[in-house]
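Tertiary structure, described
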Amino acid sequence: IGSIGLLAVFLALPLVLCLRHSLFRGIPVGWLVFMCALIPVTLFYDLFAALFQALYRINVRNLMILACPASNLLMFLLLAGARGMGVKGGMIAWALAYALTAAIGAAWMTSIVPLSQLQGDRALGRSLLGFGVRTYWGSLLNMLHSRVDFLLIGFFLTAADLGLFTVAIYLAELLWKLPESVAIVLQPKVAQLPEAEARRFTPRVLRLLLPPLLLGALLIAAFSAPLIRVLFGSPFAGAGPALLILLPGFLANAVVKVLASDMLARGHPLKYSAVSALAFFAMLLFDL
């Protein structure tokens, strides 16, 4: 993971610096370099979260996931608030939160799997790397599908438009919290089931999941105006129409999150990547 992280920094930094006058305009170069340097830290954080998930230590994974934003908030209040360090303090708080949580994850992992039992397995490593490479493109495109539109709106439209869009996105993403939680538990469970049983298990989960998802979408739509006003203030009231347009797509994508977890658990990373590619390029085409 360390080597992959350093390679990612080596590849990302020149690209980010080349785009500093377009997609990243207005952001100081030092901040861009700082964020690229944090890639290995976030990879270790993701690694330990995934290992706890694979071991079905969901409670430990949840504690780790909660520890990151909690420590981030505390350090943000200290550095950006009490110390008056502004955006720089917020970035330092974010970096320290990930580093601290990754270290906690490593400590917890050694309490579950002693260091004496950690041995290299080249055959298993090659197999995991091959699966990971086939999955990576789907994960990358899925992330871009969720975030590239922020860059495009910031590039083509105004900062005010981007603010309204961001508010609408974050409220629509409330629909994803339940299926994301289900997907985390479902993936290691399905991976252990025989193929025939796995094919029956996920549809049953989806049938249980759809009613609360539909109810959640209706509640967000019905109370979108007061939600925006209370959480973000009346200047962001213009985000309401965008939120209503986004909700059907986010509802569909909530189902896709569970199906994607099922595809990965049953060993179909290329299908997952193909679905992610279709979604990304469709979004990019219609955005442009």
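Within each chain, residues carry numbers counting from 1 in the order of the written sequence. Where local features are concerned, this predicted model is filtered to residues with pLDDT of at least 70; where side-chain atom pairs are given and counted, the filter is 80 or more; whole-chain, interface and lining totals use all residues. Excluded from the side-chain calculations are hydrogens and water; all other atoms, namely the structure's heavy atoms, are used.

**Considering the overall build of the chain**
By the criteria applied, helices consist of DSSP H or I runs no shorter than four residues and strands consist of E runs no shorter than two, each listed in order from the N terminus. Helices and strands together make up the secondary structure of the chain, namely 12 helices and 0 strands. Along the chain direction, N to C, the helices and strands of the chain fall in the order α-α-α-α-α-α-α-α-α-α-α-α. In terms of principal-axis extent, the alpha carbons of the chain reach across some 55 × 45 × 35 Å. For the chain, long-range pairs separated by at least 24 residues make up 73% of all intrachain contacts whose partners lie at least 6 apart in sequence. Entry remark: accessible area of the chain is about 16,900 Å², with carbon and sulfur atoms responsible for 73%. We call two residues in contact when some of their heavy atoms are within 4.5 Å. Using the Shrake-Rupley algorithm and a 1.4 Å probe, accessible areas are obtained, with residue cover drawn only from the displayed protein chains.

**Quick notes on the nonpolar core**
Core analysis: the biggest nonpolar cluster contains 31 residues, and Ile169, Ala172, Leu175, Leu243, Leu246, Leu247 and Phe250 have the highest contact counts within it. For this core, the secondary-structure elements that each account for two or more residues are α6 (122-156), α7 (159-172), α8 (177-191), α9 (195-222) and α11 (239-265). Examining the composition of this core, we find that 10 residues originate from one element, α11, more than from any other. In contact with Ile169, not counting residues within four places along its chain, are Arg147, Phe150, Leu246 and Phe250. Among the nonpolar cores identified, the runner-up in size contains 12 residues, and Phe48, Val60, Ala93 and Met109 belong to it. Buried Ala, Val, Leu, Ile, Met, Phe, Trp, Tyr and Cys residues form a nonpolar core when they are joined through side-chain atoms within 4.5 Å. For every residue, the accessible area (1.4 Å probe, protein chains only) is compared with the maximum for its type, and the residue is labelled buried under 20%, exposed over 50%, or partly exposed between those bounds.

**Comments concerning α6**
Taking 1.5 Å of rise per residue, the 35 residues of α6 would be expected to cover 51 Å, and the 48 Å separating its terminal C-alpha atoms lies within 8% of that figure. The principal kink in α6, of about 40 degrees, is found at Ser146. Lining the buried residues of α6 we find α7, α11 and α12 (269-287). By this rule the span expected of a helix is its residue count minus one, scaled by 1.5 Å. A residue's bend is given by the angle between axes fitted to the 7 residues ending at it and the 7 residues starting at it.

**A short note on the side chain of Thr202**
Topologically, Thr202 is positioned in helix α9. Judged by its relative accessible area of 3%, Thr202 is buried. In this view, Thr202 contacts Leu186, Val190, Val258, Leu259 and Asp262; residues no more than four positions away in its chain are not counted.

**Regarding the packing of aromatic side chains**
Only Phe, Tyr and Trp rings are paired, with Trp represented by its six-membered ring, and only when their centres lie within 6.5 Å; those with planes under 30 degrees apart are stacked, over 60 edge-to-face, the remainder tilted. Tallied over the full model, the rule gives 8 aromatic pairs. Arranged with centres 4.8 Å apart and planes meeting at 70 degrees, the rings of Tyr45 and Tyr98 form a pair that is edge-to-face. Of this pair, Tyr45 sits in helix α3 (residues 39-54) while Tyr98 sits in helix α5 (residues 86-112), and the two are 53 residues apart along the sequence. A residue is classified by how much of its surface remains accessible, and Tyr45, at 7% relative accessible area, is buried. Ring centres of Trp176 and Phe250 lie 4.7 Å apart, and the angle between their planes is 20 degrees; this geometry places the pair in the stacked category. Taken together, the positions of Trp176 in the loop between α7 and α8 and Phe250 in helix α11 put the pair 74 residues apart, joining distant regions of the chain. Three or more aromatic residues joined by ring pairs make a cluster, and in this case those are Tyr45, Trp94 and Tyr98.

**Focus on a nonpolar patch on the surface**
Each patch is built from residues that are more than 30% exposed by relative accessible area and take part in no salt bridge. Like charges join if they lie within 9 Å; nonpolar side chains (Val, Leu, Ile, Met, Phe, Trp, Tyr) join within 5 Å. Any carboxyl oxygen of Asp or Glu that lies within 4 Å of a side-chain nitrogen of Lys or Arg is treated as forming a salt bridge with it. The grouping of Leu23, Leu151, Phe155, Phe156, Leu157 and Leu288 at the surface amounts to a nonpolar patch, some 580 Å² of accessible area in total. Here Phe156 shows up in helix α6. Residue Phe156 is classed as exposed on the basis of its relative accessible area, which comes to 54%.

**Some remarks on unusual backbone geometry**
Not every positive phi belongs to a glycine, and Tyr56 is a case in point at roughly 65 degrees. As for its position among the elements, Tyr56 is in the loop between α3 and α4 (58-82).

**Here we look at α7**
The end-to-end C-alpha distance of α7 is 20 Å, a good match for the 20 Å that 14 residues give at a rise of 1.5 Å each. Of all the residues in α7, the buried ones are Gly163, Phe165, Thr166, Val167, Ala168, Ile169, Leu171 and Ala172. Structurally, α7 contributes buried residues whose contacts are with α6, α9, α10 (224-232) and α11.

**Some points on the pattern of salt bridges**
Applying the stated criterion across every chain yields a total of 4 salt bridges. For the salt bridge of Arg147 with Glu173, the shortest nitrogen-to-oxygen distance reads 3.2 Å. Of the two residues, Arg147 is situated in helix α6 and Glu173 in the loop between α7 and α8; the sequence distance between them amounts to 26 residues. In this structure, Arg266 engages Glu195 in a salt bridge whose closest nitrogen and oxygen atoms are separated by 2.6 Å. Here the residue Arg266 occupies a position in the loop between α11 and α12, and Glu195 occupies one in helix α9, the gap between them amounting to 71 residues. Here the residues in one salt-bridge network are Glu195, Asp262 and Arg266, joined through shared partners.

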